[in-house]
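Listed below, chain by chain, are the residues.
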Amino acid sequence: MQLTSVLWVLAGVVVLVNVGLGFLVMCPRCKVISSNLVRLPENAVKRGEIVLTFDDGPDAYVTPLILDQLDKYCAKASFFCIGKKAVAQPELLAEIVRRGHSIENHSYNHRNLFAFGGMRKLTIEVLATQQVLNLANNSVNPRFFRAPFGFRSPWLGFVLRQLHMQHVAWTRRGYDTVCHNSDLVFRRLVHNLSAGDILLMHDGGSASTVTGQPVVLEVLPRLLECFAQHGLHSVSLPMALDNSGF
């Protein structure tokens, strides 16, 4: 009888541990599992810097238009690229770099179950994308990684440390892949906006407005104008962190 009780207790503990671990995996901004950058260091805050990040590209139509909008405001950004999309568009990757932005690693396949892969699969996904981006980035390896959906395996931190990389989440996001209302996306991004923020948008898979325009293209000019009004400087992750001794 006592043995049965002990087994039930152990089973309960196992269930609770797995539930807790699952919660941490599905928590993009938490720092318990591994190192996770959600805001810029204090030196970047003092300089009034903010980082725009764009996920899930490059996109042949949207990405060039984003680059043009950034140029109008002399703004820099970081593009978290999917490896298999990057392979198909090396010229666009090179153009992102040529214009002074950074290209970063967002896995090779962007699998829905990326976070539940073992260490070998995680390493293959990260390294395959590093090789693609390295070629377009003057043989410089990206330093930053963002997991698909921000969901992180407990093994991912070890893999990134071995590759001398840092996981980056975000301070806030606009949900521009699922929200068709550009006003709402904009309000989410600028709510409590301040220096040191890392903002998440998408050049790949952006939702469309009722007029068929990608949401990101309607929101970005307003966002850049807001930065200018508040004296904020949009920089890439390497620019912000290199100058902060990170």
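Residues numbered from 1 in each chain as written. Predicted model: local features only at pLDDT ≥ 70, side-chain atom pairs only at ≥ 80, totals over all residues. Heavy atoms only, no water.

**Re the pattern of salt bridges**
- Counted under the stated rule, the structure contains 11 salt bridges.
- We note a salt bridge from arginine 47 to glutamate 49, for which the minimum N-O separation is 2.9 Å.
- Of the residues examined, glutamate 49 reaches a relative accessible area of 7% and is grouped as buried.
- Here arginine 222 ties to aspartate 183 by a salt bridge, and the two come within 2.7 Å at their closest N and O atoms. Pair noted here: arginine 222 is in helix 9 (residues 215–229) and aspartate 183 is in helix 8 (residues 182–190), with a separation of 39 residues, a long-range link. (Salt bridge = Lys/Arg side-chain N within 4 Å of Asp/Glu carboxyl O. Buried < 20%, exposed > 50% of the residue type's maximum accessible area, 1.4 Å probe, protein only. Helix = DSSP H or I, 4+ residues; strand = E, 2+ residues; numbered from the N terminus.)

**Comments concerning the packing of aromatic side chains**
- Within this structure, the stated rule accounts for 3 aromatic pairs.
- An angle of 35 degrees between the planes, with centres 5.8 Å apart, marks the rings of phenylalanine 114 and phenylalanine 145 as tilted. Placement of the pair is phenylalanine 114 in the loop between strand 3 (102–105) and helix 6 (119–136) and phenylalanine 145 in strand 4 (residues 144–145), with a sequence separation of 31 residues.
- Residue classification places phenylalanine 114 among the buried residues on the basis of a relative accessible area of 5%.
- Ring geometry for phenylalanine 149 and phenylalanine 151: centres 6.0 Å apart, planes at 40 degrees, overall tilted. (Phe/Tyr/Trp six-rings, centres within 6.5 Å; stacked < 30°, edge-to-face > 60°.)

**As for the pairing of strand 3**
- Here strand 3 shows two buried faces, one formed by Ser102 and Glu104 and the other by Ile103 and Asn105.
- One ladder, built from 4 bridges, connects strand 2 (residues 77–81) with strand 3; its direction is parallel. Considered in strand 3, the bridge of phenylalanine 80 is made with glutamate 104. (Pairing = 2+ DSSP bridges.)

**Overview of the nonpolar core**
- Core analysis: the largest hydrophobic core is formed by 39 residues, its most contacted members being Leu52, Phe54, Ile66, Leu70, Phe79 and Phe227.
- Among the elements of the structure, strand 1 (49–57), helix 3 (62–72), strand 2, helix 5 (90–98), helix 6, helix 8, strand 7 (198–202) and helix 9 are those that each provide at least two residues to this core.
- In terms of residue count, the dominant contributor to this core is helix 9 (9 residues).
- Once you skip the residues sitting within four places of it in the chain, leucine 70 turns out to touch Leu52, Phe54, Ala75, Ala77, Phe79, His101, Leu220 and Leu224.
- Of all hydrophobic cores here, the second largest spans 12 residues; its members include Leu37, Val51, Phe144 and Leu241. (Core = buried A, V, L, I, M, F, W, Y, C linked by side-chain atoms within 4.5 Å. Contact = heavy atoms within 4.5 Å.)

**So, unusual backbone geometry**
- Each neighbour pair has its own omega, and for glycine 57 with proline 58 the value is 5 degrees, a cis peptide bond.
- Within the element layout of this structure, proline 58 appears in the loop between strand 1 and helix 3.
- Located in the positive-phi region is asparagine 192, a residue other than glycine, with phi close to 60 degrees.
- Take asparagine 192: it is sitting in the loop between helix 8 and strand 7.
- Among the residues examined, asparagine 192 registers a relative accessible area of 54% and is labelled exposed.

**Thoughts on the confidence of the model for the chain**
- When pLDDT is averaged across the chain, the result is 90; 89% of the residues are at 70 or more.
- Counting contacts from residues 13–24, a segment whose pLDDT is below 50, to residues more than four positions away or on other chains yields 4 contacts. (pLDDT = per-residue confidence, 0-100.)

**Quick notes on the pairing of strand 7**
- Of all the 5 residues making up strand 7, 5 are buried; the element is thus mostly covered by neighbouring parts of the structure.
- In strand 7, alternate side chains face the same way, and those of Ile198, Leu200 and His202 on one face and Leu199 and Met201 on the other are all buried.
- As defined by bridge partners, strand 1 adjoins strand 7 across 5 bridges and the pair is classed as parallel. Bridging across to strand 7, leucine 52 finds its partner in leucine 199.
- In this sheet, strand 7 lies alongside strand 6 (residues 172–173) in parallel orientation, the contact comprising 2 bridges. Paired with arginine 172 across the strands is leucine 199, a residue of strand 7.
- Each parallel crossover has a hand, and the one from strand 6 via helix 8 to strand 7 is right-handed. (Right-handed = clockwise from strand over helix to strand, strands pointing away.)

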